[in-house]
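# Structural overview
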Amino acid sequence: MIIAFIGLGNMGGGMAVNLVKAGHRVRAFDLAPEALARAAQNGCATFTNVREAVQGVDAVVSMLPNGAIVDSVYAGDVIGHAPVSALLLDCSTIDVATAKQVCGAAAAGGYAMVDAPVSGGIAAANAGTLTFMVGGEDPDFARAEPILKAMGKAVIHAGGAGAGQAAKVCNNMLLGIHMLGTCEAFAMAGRLGLDPQKFYDIASVSSGQNWSMTSYCPLPGVGPKSPADNDYAAGFAAALMLKDLKLAMDAAQTAGSKVPMGARAAELYADFVAQGQGGMDFSAIITTL
Ligand code: NAD
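Residues numbered from 1 in each chain as written. Predicted model: local features only at pLDDT ≥ 70, side-chain atom pairs only at ≥ 80, totals over all residues. Heavy atoms only, no water.

### A short note on the pattern of salt bridges
- One pass over the full model with this rule turns up three salt bridges.
- Between Arg 51 and Asp 77 there is a salt bridge, with its nearest N and O atoms 2.8 Å apart. Residue Arg 51 is found in helix α3 (residues 50-53), and its partner Asp 77 is found in helix α4 (residues 67-78); the two are separated by 26 residues along the sequence.
- Classification of Arg 51 as partly exposed rests on a relative accessible area of 40%.
- Between Glu 145 and Lys 149 there is a salt bridge, with the nearest N and O atoms lying 3.5 Å from each other. Within this pair, Glu 145 and its partner Lys 149 are both found in helix α7 (residues 138-149), separated by four residues, close to a single helical turn.
- The class for Glu 145 is partly exposed, based on a relative accessible area of 24%. (Salt bridge = Lys/Arg side-chain N within 4 Å of Asp/Glu carboxyl O. Helix = DSSP H or I, 4+ residues; strand = E, 2+ residues; numbered from the N terminus. Buried < 20%, exposed > 50% of the residue type's maximum accessible area, 1.4 Å probe, protein only.)

Okay, structure coming up:
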């Protein structure tokens, strides 16, 4: 297929390369010249604006920073400029309301569109092992699946337009909460005189077990290798966790959902980022406890 790829940053750069490796012809665009140069080195054709990049394509994939940018790129340069037969796939993490609105605008222009945010960080984007959660109609999901499979290990249909973003914010709100709970438990165990390894050995096979503990342990030297073992250099930066928690709080407000734990997690990550720690891995919040 001929695929336009818009947004070649930390995530999109690796994802575009995986489309090339799968045999697609990728027409790439990013505002940053260095990102474009990297894409060119990796086998993408590069263009100086979105409208040129989407000429004659079978699909458009975007991986952009936020909802306002996604809206402006699609409304200004994709809808009405890409062939109407092209499938549109936005993989950015954005708010549910904007995702639905952009999908609606695409549909009004005659396009099929899915929201397809990802779980997994930069390493998974490079390795092609992301998990995609997809919102859209059944036939559009069927068209999106083989494209996304070239960049991921799992592609799951979450429901209609916006359902991918809904799944993403609920998942990441839960992640923020159980990371904080895990950090609190390790910090208190230490104060109570427990050896952290002993506490891990017990809790990891008891009812406190969770992903933040057994796959991403926030203490160095305990559990599998994690950012804690690398001075908390970001796998998943605290600033990105805060972004996702803010999106979750927006979604909760729109849905009229009570989220006291999510709200507290959002406050704690906001404090952590305000202390200048936004570039650290999100598990580094244990250092504040
Ligand atoms: P990034 O800032 O590294 O990349 C974004 C890219 O978009 C940049 O290269 C930027 O120049 C480009 N861009 C901005 N405005 C543009 C425009 N109008 N037209 C074309 N290009 C434009 O961010 P990232 O880490 O790659 O994240 C991208 C998305 O993926 C975000 O929505 C983020 O929340 C989500 N995400 C990131 C991670 C992660 O670990 N980094 C994990 C899951 C999801």
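### With respect to the side chain of Gln 165
- With respect to the helices and strands, the residue Gln 165 is situated in helix α8 (residues 163-191).
- Judged by relative accessible area, which is 0%, Gln 165 ranks as buried.
- Separated by 2.8 Å, the side chain of Gln 165 and the backbone oxygen of Ser 92 make a polar contact.
- At a separation of 3.2 Å, a polar atom in the side chain of Gln 165 contacts the main-chain amide nitrogen of Ile 94.
- Setting aside residues up to four positions removed in sequence, Gln 165 forms contacts with Ser 92, Thr 93, Ile 94, Val 96, Ala 99, Asp 115 and Pro 117. (Polar contact = N/O pair within 3.5 Å; in protein donor to acceptor, adjacent residues only side chain to side chain. Contact = heavy atoms within 4.5 Å.)

### Describing the domain arrangement of the chain
- What the domain assignment reports for the chain is domain 1 (2-159) and domain 2 (166-288).
- Its C-alpha centre places domain 1 at a distance of 29 Å from the equivalent point of domain 2.
- Between domain 1 and domain 2 lies a buried interface of about 770 Å² when both sides are counted; carbon and sulfur atoms form 68% of it.
- A per-residue breakdown of the area domain 1 buries against domain 2 is headed by Thr 93, Val 96 and Met 133, which together make up 52% of the total.
- Inspection of the region where domain 1 meets domain 2 yields three residue pairs in polar contact (both at pLDDT 80 or more).
- Of the residues belonging to the side of domain 1 that touches domain 2, the class tally is seven nonpolar, three polar and one charged. (Domains from an automatic or database assignment. Buried area = accessible area lost by both parts, 1.4 Å probe. Nonpolar A, V, L, I, M, F, W, Y, C, P; charged D, E, K, R; others polar.)

### Quick look at the site of the ligand
- Around the ligand, a shell composed of 22 residues is seen, among which Asn 10, Met 11, Asp 30, Leu 64 and Lys 243 lie nearest.
- Here Thr 93 contributes a backbone N or O atom positioned 3.0 Å from an oxygen atom of the ligand.
- In this structure, Lys 243 approaches the ligand through a side-chain N or O atom, which is 2.8 Å from an oxygen atom.
- In the complex, the protein chains occlude 84% of the 830 Å² of accessible area that the ligand would expose alone.
- Counting residues per element, the ones that place at least two in the shell around the ligand are α4 and α11 (238-255).
- Of the residues assigned to the shell around the ligand, the class counts are twelve nonpolar, seven polar and three charged.
- Composition of the shell around the ligand by domain shows at least three residues from each of domain 1 (2-159) and domain 2 (166-288). (Near = heavy atom within 4 Å. Areas by Shrake-Rupley, 256 points an atom, 1.4 Å probe, with all protein chains shown as cover.)

### A closer look at unusual backbone geometry
- The backbone of Asp 231 shows a phi angle near 55°, a positive value even though the residue is not glycine.
- Locating Asp 231 in the fold gives a position in the loop between α10 (211-214) and α11.
- Assessed through its relative accessible area of 68%, Asp 231 is described here as exposed.
- Of note, the phi angle at Tyr 232 is positive, near 65°, even though the residue is not glycine.

### Quick word on the packing of aromatic side chains
- For the structure shown, the criterion picks out five aromatic pairs.
- With 5.4 Å between their ring centres and 45° between their planes, Tyr 216 and Phe 282 make a pair best called tilted. You can see Tyr 216 sitting in the loop between α10 and α11 and its partner Phe 282 sitting in the segment after α12 (260-277), a full 66 residues away along the chain. For the residue pair Tyr 216 and Phe 282, the accessibility class agrees, reading buried in each case.
- The interplanar angle of 70° and the centroid separation of 5.4 Å between the aromatic rings of Phe 236 and Phe 282 together place this pair among those described as edge-to-face. In this pair, Phe 236 sits in the loop between α10 and α11 while Phe 282 sits in the segment after α12, placing the two residues 46 residues apart along the sequence.
- For Phe 282, a relative accessible area of 1% gives the class buried.
- Within the aromatic cluster, the residues linked to one another by ring pairs are Trp 211, Tyr 216, Phe 236, Tyr 269 and Phe 282. (Phe/Tyr/Trp six-rings, centres within 6.5 Å; stacked < 30°, edge-to-face > 60°.)

### Some remarks on the environment of Pro 65
- Assignment of secondary structure puts Pro 65 in the loop between β4 (59-62) and α4.
- The sequence separation of Pro 65 and Glu 267 amounts to 202 residues, and the corresponding C-alpha distance is 22 Å.
- The contacts of Pro 65, once residues within four sequence positions are left out, are Thr 93 and Lys 243.

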